[in-house]
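One letter stands for each residue in the lines below.
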Amino acid sequence: MGNLFDNIEKRGISVGFDFLNQESGFGIAQTLVEYDETSTHSKVFLVGILNTILVSVLGIITASIIGLFIGIGRLSSNWIISKLSMIYVELFRNIPILLQILFWYNVVLASLSSPRQSLVFFESVFLNNRGLYIPKPLLQDGFIFVAISFVLALVAIFYLSKWAKKRHDETGVKFPIWTVSFGIIVFSTTIVYFLSGSPIELEYSSLQGFNFVGGYNLLPELLALWFALSIYTATYIAEAVRAGIEAINKGQSEASLSLGLSKGLMLKKVILPQAIRIIIPPIINQYANLIKNSSLATAIGYPELVTVFSGTSLNQVGQAIEIILMTMAVYLILNIIVSMIMNYINAKMKIKER
Amino acid sequence: MKFVRMILGFVLFTTLTTTLVFSGTLENVKKRGKLNCGVSGGLAGFSAPDSSGKWKGLDVDMCRAVAAAVFGNAKKVKFISLTAKERFTALQSGEIDVLARNTTWTATRDTSLGLNFAGVNYYDGQGFLVSKKLGVKSALELNGASVCIQAGTTSELNLADYFRTNGMKYKTLTYDTSAQSRQGFESGRCDILTSDASQLYALKSQLKKPNSAVVLPEIISKEPLGPVVRQGDDVWFNIVKWSHIAMLNAEELGVTSKNVKKMAKGKNPAIQRLLGTSGDAGKNLHLDKKWAYNIIKEVGNYGESFERNVGLNTPLKIARGLNALWKDGGLQYGPPVR
Ligand SMILES: N[C@@H](CCC(=O)N[C@@H](CS)C(=O)NCC(=O)O)C(=O)O
């Protein structure tokens, strides 16, 4: 390494990490933290990481949900559902992800109109080719009471469900825990919300000059990338789910059905808890792939880490080695975090020998 | 595609960990029998393959001139198309011998990237293209606009400066190539497209409805574009620098691709020195005596190249302006060959 930097320096290329304190001098379209062109390159690094994490988390959530349903769908006894699920998997798995990103981006852009002709929902949500604009909640003073009541409701539900499970185990009497919990949360927070004087104000987006200002803005690039990553990764997750379920011995489903469990209950209580252990390891890989694939965003200009940091920053300061090493380290760490979380879940799910 | 830059970075990484130094570019080029020249993939007038796949443009001619000087044959060039983001890494890592990709000469690039600018083959400036619908007459009315721009360019920095000094806000959309920026502009994703002014007219002419857009009068920056080489190889630096100068002097002295043969036999001492009939210029450059003769024979003088690629009879219709010779009121000035 020392040799490396010596050689670079001999050739007149700057080395070291001083550039991180230099003013970046360029603008970025989406920043989750305060940023402008007078911010430093280290801020660009942070903005890039956060944008990568944002699209990855969104993508992982939706890909998992879609994947779960499609995976189960493939095993459905309903011919149409299982065939449609199969077509979905075969179609989206075999088209290169980059093409899908470009495709959705162009679909999104082509189907939306200019800001002055936005689609409007509830007079507060606007959709146009600059993205989706939604009102931004601004928390006022009394909001703390709402937050406290929400936490208290959660605590109450926790103890309630413990009690309900115990009673179920002992007496077999069921308790409608979901409905009741939902009721508690909605009821208590609504009451406190009004009692404390409606402490949330909404900041609406409004058209000023060329664009909307105010509120939250989801960029078309984010929407397209999120959509493409979810749809693509879901195909692999669906296959993992299907394989997991199929691996559970057929006898088990027959046994639970003959015990009188409904099909849904059988999936939830018998099959999935066992299948999940088979499903998780391949899914860790898919999550890691999704994170890596998010760097294809350079093709449509979504400002994630590779686009802004190892793209623009690298080009402005020219320190390829430092920047690429930092970028690779981020992907490595993100992937390690994902596998740690998933392994933790997997360990929790292990069949406990009693 | 996915990690192209990562790979380029890695090439750089590995070449640098071994104690290889890039002197001897001239020997390497000769041994290879071809000049590797980094250009833009599709920039009308500067470097773009025509319908038959032949590369054409001002930057392309710069590469051809160097090949003519080295080999006596302007065809011995391999063109490697690079995005703005890839270009410097490609040069640093030795993938290309010279970069002629409408690259702006700036202090940072000249001093901290291990590169040297060998001259200015086009004086440009940054401008704006806006959709007519918006009814904007001046760049000062652009507050709040979304701007399509290319990653890794000086345009990104100038834009930020310009909006900041004029107290205006903007949103950027950063794409990798001009083609993407054009699409973004066309689909209405952004209100303005900004880039080197020389390109705006070409981009405008490529729109589905060219008349739906206008170029604003403001030019917000200086963009001296020129060929770039690696630092630390002065022999090679000289060759590229003087290939450009030879074309300027040829224009000044009235030597063209058509009359060069006759001119070489003439009596004018400046022309004799340029074309190698007298003097040692070739030898001092480590080149053949007829290095400049070959450039002019095969590629032409600067004026010929300008008119053929970007001049008034091309779709770009650019007047000489700043790029006229000094004696015609422009900035192009070739130091004497003596
Ligand atoms: N001169 C500026 C801008 C260079 C640049 O990349 N310009 C764009 C638009 S003028 C371009 O060359 N695009 C061609 C392509 O993407 O192939 C610089 O050196 O940073």
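Residues numbered from 1 in each chain as written. Chains lettered and ligands numbered in written order. Predicted model: local features only at pLDDT ≥ 70, side-chain atom pairs only at ≥ 80, totals over all residues. Heavy atoms only, no water.

Caption draft 1: Structural view of the layout of surface pockets. Here the largest pocket is characterised by a volume of approximately 1,200 Å³. Forming the boundary of the largest pocket are 34 residues, of which I28, A29, Q30 and T31 of chain A together with K171 of chain B lie nearest the centre. Those elements that provide at least two residues to the lining of the largest pocket are α2 (41-74), β3 (131-134), β7 (211-213) and β8 (216-218) of chain A together with β10 (170-175) of chain B. Here the second largest pocket is characterised by a volume of approximately 900 Å³. Along its surface, the second largest pocket is lined by 18 residues, and K165, H168, I177, K268 and K269 of chain A are the ones closest to its centre. Of the residues forming the lining of the second largest pocket, the biggest block, 6 residues, is contributed by helix α5 (residues 143-171) of chain A. Split by residue class, the lining of the second largest pocket holds 9 nonpolar, 4 polar and 5 charged. Residue-level mapping places the lining of the second largest pocket at the junction of two domains, with at least three residues from each of domain 1 (2-135 + 204-349) and domain 2 (136-203) of chain A. (1 Å grid on protein atoms, 1.4 Å probe; cavity = no way out; pocket = protein on both sides within 12 Å on 5 of 7 lines; lining within 4 Å. Points joined across faces, edges and corners; volume = space filled by probe spheres on them. Helix = DSSP H or I, 4+ residues; strand = E, 2+ residues; numbered from the N terminus. Nonpolar A, V, L, I, M, F, W, Y, C, P; charged D, E, K, R; others polar. Domains from an automatic or database assignment.)

Caption draft 2: Structural view of empty space enclosed by the protein. Scanning all chains against the criterion turns up 9 cavities of 30 Å³ or more. Size it by volume and the largest cavity reaches roughly 250 Å³. At the level of elements, β9 (145-150), α6 (154-165), α7 (178-186), β11 (192-196) and α8 (197-206) of chain B are the ones that each hand at least two residues to the lining of the largest cavity. With 4 residues, the single largest contributor to the lining of the largest cavity is β11 of chain B. Considered class by class, the residues forming the lining of the largest cavity number 6 nonpolar, 13 polar and 4 charged. Formed jointly, the lining of the largest cavity draws a minimum of three residues from each of two domains, domain 1 (2-123 + 225-324) and domain 2 (126-221) of chain B. Its boundaries defined by the atoms lining it, the second largest cavity holds a volume of some 80 Å³. Along its surface, the second largest cavity is lined by 13 residues, and I28, G301, P303 and V308 of chain A together with T174 of chain B are the ones closest to its centre.

Caption draft 3: Broad picture of the sheet that holds β3 of chain A. Residue and element names in this part refer to chain A. Taken in spatial order, the 4 strands make up an open sheet running β1-β2-β3-β8, and their pairing is antiparallel. The open sheet has two edge strands with one neighbour each: β1 (119-121) and β8. The sheet shows a mean angle of 15° between the axes of neighbouring strands, taken without regard to direction. Sheet topology note: the β1/strand β2 (residues 125-128) ladder contains 3 bridges and is antiparallel. Counterpart to F121 in the pairing with β2 is V125. (Pairing = 2+ DSSP bridges. Axes fitted to C-alpha atoms, helices over the stretch in contact; angles between N-to-C directions.)

Caption draft 4: Summary view of the state of the cysteines. All names here are of chain B. Under the definition given, this model contains 2 disulfides over all chains. Sulfur-sulfur distance for the disulfide between C37 and C63 comes to 1.8 Å. With C37 in strand β1 (residues 35-40) and C63 in helix α3 (residues 58-71), the pair connects residues that are 26 residues apart, well separated along the chain. In this structure C37 comes out as buried when scored by relative accessible area, which is 0%. Owing to a relative accessible area of 1%, C63 belongs among the buried residues under this scheme. Covalently, C148 is tied to C190 through a disulfide, its sulfur atoms 2.0 Å apart. Residues C148 and C190 are joined by a disulfide whose S-S torsion is about -105°; by sign, that bridge is left-handed. Of this pair, C148 sits in strand β9 while C190 is found in the loop between α7 and β11, placing the two residues 42 residues apart along the sequence. (Disulfide = S-S within 2.5 Å. Buried < 20%, exposed > 50% of the residue type's maximum accessible area, 1.4 Å probe, protein only.)

Caption draft 5: Structural context of the interface of chain B and chain A. Tallying the contact residues gives 57 residues for chain B and 53 residues for chain A. Taking both partners together, chain B and chain A bury about 4,400 Å²; carbon and sulfur atoms supply 53% of that area. For the pair chain B and chain A, the interface holds 4 salt bridges. Here E23 of chain A and R164 of chain B are joined by a salt bridge, their closest N and O atoms 3.7 Å apart. Between the two partners, chain B and chain A, sit 19 residue pairs in polar contact (both at pLDDT 80 or more). Elements with a minimum of two residues in the side of chain B that touches chain A: α1 (4-17), α4 (87-92), α5 (107-112), β9, α6, β10 and α7 of chain B. With 7 residues, α1 of chain B is the largest single contributor of residues to the side of chain B that touches chain A. For the side of chain B that touches chain A, the per-class residue count stands at 23 nonpolar, 21 polar and 13 charged. (Contact = heavy atoms within 4.5 Å. Buried area = accessible area lost by both parts, 1.4 Å probe. Salt bridge = Lys/Arg side-chain N within 4 Å of Asp/Glu carboxyl O. Polar contact = N/O pair within 3.5 Å; in protein donor to acceptor, adjacent residues only side chain to side chain.)

Caption draft 6: The arrangement of the packing of aromatic side chains in detail. Scanning all chains against the criterion turns up 20 aromatic pairs over all chains. For the pair Y232 of chain A and Y236 of chain A, a centre-to-centre distance of 5.5 Å together with 65° between the ring planes defines the contact as edge-to-face. Here Y232 of chain A and its partner Y236 of chain A are both found in helix α7 (residues 220-247), 4 residues apart, which amounts to about one turn of the helix. With a centroid separation of 5.9 Å and an interplanar angle of 50°, the aromatic rings of F128 of chain B and Y162 of chain B are classed as tilted. Of this pair, F128 of chain B sits in strand β8 (residues 126-131) while Y162 of chain B sits in helix α6, and the two are 34 residues apart along the sequence. (Phe/Tyr/Trp six-rings, centres within 6.5 Å; stacked < 30°, edge-to-face > 60°.)

Caption draft 7: Broad picture of unusual backbone geometry. Residues and elements named next belong to chain A. The phi torsion at E123 lies on the positive side, around 55°, for a residue other than glycine. Examined against the element boundaries, E123 turns out to sit in the loop between β1 and β2. Positive phi values are uncommon outside glycine, yet S198 reaches one of about 45°. Note that S198 resides in the loop between α6 (177-195) and β5 (200-203).

Caption draft 8: Region of interest: the site of the ligand. Residues and elements named next belong to chain B. Within the structure, the ligand sits among 21 residues, and R87, T104, T154, S178 and D196 are positioned closest to it. Here R87 contributes a side-chain N or O atom positioned 2.9 Å from an oxygen atom of the ligand. Within the complex, the protein chains bury 97% of what would otherwise be the 500 Å² of accessible surface of the ligand. Judged by the fraction of its atoms near the pocket grid, the ligand is located in the largest cavity. Broken down by secondary-structure element, the contributors of at least two residues to the shell around the ligand are β11 and β13 (223-225). In the shell around the ligand, the residues fall into 3 nonpolar, 13 polar and 5 charged. For the shell around the ligand, the two domains that each supply at least three residues are domain 1 (2-123 + 225-324) and domain 2 (126-221). (Near = heavy atom within 4 Å. Areas by Shrake-Rupley, 256 points an atom, 1.4 Å probe, with all protein chains shown as cover. Sits in = over half its atoms within 2 Å of the grid points.)

Caption draft 9: The side chain of T307 of chain A, seen in detail. Tracing the chain through its elements places T307 of chain A in helix α10 (residues 305-317). A polar atom in the side chain of T307 of chain A sits 3.1 Å from the backbone oxygen of Y302 of chain A.

Caption draft 10: Structural context of a nonpolar patch on the surface. A surface patch of nonpolar side chains, amounting to about 870 Å² of accessible area, comprises L332, I333, I336, I337, M340, I341, Y344, I345 and M349 of chain A. Structurally, Y344 of chain A is set in helix α11 (residues 320-349). (Patch = residues over 30% accessible without salt bridge, like charges linked within 9 Å, V, L, I, M, F, W, Y side chains within 5 Å.)

Caption draft 11: Geometry of the domain arrangement of chain A. Residue and element names in this part refer to chain A. Per the domain assignment, the segments of chain A are domain 1 (2-135 + 204-349) and domain 2 (136-203). Put simply, the middle of domain 1 and the middle of domain 2, counted by C-alpha atoms, are 31 Å apart. In this complex, domain 1 contributes 8 residues to the contact, which on the side of domain 2 involves 5 residues. For domain 1, the biggest contributors to the area lost against domain 2 are P135, Y204 and Y216; these three give 70% of the whole.

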